[in-house]
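# Understanding the architecture of this molecule
Below are the chains, spelled out letter by letter.
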Amino acid sequence: MQTVFITGGTGYIGTRLIKVLQKENNFSIKALVRKGSEDKLPAGCEVIVGDALDASTYQNNIAPATIFVHLIGVPHPSPAKKEQFKNIDLVSVEQAAKAATVAGTVHFIYLSVAMHPTKIMKDFQEVRAKGEALLLQQPFISSFIRPWYVLGPGHWWPLLLKPVYWLMKSFPSTRTTAKNLDTVTINQMITALVDCIKNPPSQNNIVDVEAMKKF
């Protein structure tokens, strides 16, 4: 049975990912949580109490997991959260890289973001790009999952933009932007993550919006 270590397991994506992996019956799940948040994890996974911003608090409890899934991030990203992106998103992946290296991680899966340049979320994209660059310097293989917006319960408002995406895809000058910044569903997001876990790549790879929409 493969052991998977997950940070951000109490979040919107993390809880759903854990439940799906548990149904597979081929995975043992370890999940990092802050003290006092243990009951927010789905029942059945091994709870590792620690601080995502300090690798030393959890790095010795990762093994025997060889797959590390990093889902930590500021909830509901917005341009107003520039400092939080730096202090939470970036620091957490820096610490995760340290912890994963100590634990002998083989495959690191990083929830990043679509990298097609935008003005409104420039700071968020820059922090995630720094996270990717950092991971590429580590001794393990990394997979970068790059959604733009994930549709699901409580996250439906971007459906209003679908006609805009459709129109942009009709013109060569905006087609690439529309494809990179299109939405994916929560089911597509989780399926892409599970596929990445079950079929680890032989080299660093990117799962972009177009790839996720195939699930």
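The text that follows walks through the structure, step by step, so that each part is easy to find.

## Some details on the state of the cysteines
Considering all chains together, one arrives at zero disulfides under this definition. Here Cys45 is not cross-linked by a disulfide; its sulfur's nearest cysteine counterpart is in Cys196, at 20 Å. For Cys196, a relative accessible area of 4% translates into the label buried.

## Comments concerning helix H2 (residues 82–103)
If you check H2, its first and last C-alpha atoms are 31 Å apart, about what 22 residues at 1.5 Å a residue would give, namely 32 Å. Listed as buried for H2 are Phe85, Asp89, Leu90, Ser92, Val93, Gln95, Ala96, Ala97, Ala99, Ala100 and Ala103. Directly after H2, the chain includes Gly104, whose backbone phi takes a positive value near 75 degrees.

## Describing the nonpolar core
Residues Ile6, Leu17, Val69, Ile145, Leu193 and Ile197 are the most contacted members of the largest nonpolar core, which totals 31 residues. Sorting the residues of this core by element identifies strand S1 (2–7), helix H1 (12–24), strand S2 (27–33), strand S4 (67–70), strand S5 (107–111), helix H6 (186–198) and helix H7 (209–212) as the ones contributing at least two each. By residue number, the principal contributor to this core is H6, which donates eight residues. Within the second largest apolar cluster, 28 residues are counted, among which are Ala55, Val74, Val113 and Met121.

Thresholds, definitions, all that
- Residues numbered from 1 in each chain as written.
- Predicted model: local features only at pLDDT ≥ 70, side-chain atom pairs only at ≥ 80, totals over all residues.
- Heavy atoms only, no water.
- Disulfide = S-S within 2.5 Å.
- Buried < 20%, exposed > 50% of the residue type's maximum accessible area, 1.4 Å probe, protein only.
- Helix = DSSP H or I, 4+ residues; strand = E, 2+ residues; numbered from the N terminus.
- Expected span 1.5 Å × (residues − 1).
- Core = buried A, V, L, I, M, F, W, Y, C linked by side-chain atoms within 4.5 Å.

So yeah, pure geometry; function would need other evidence.
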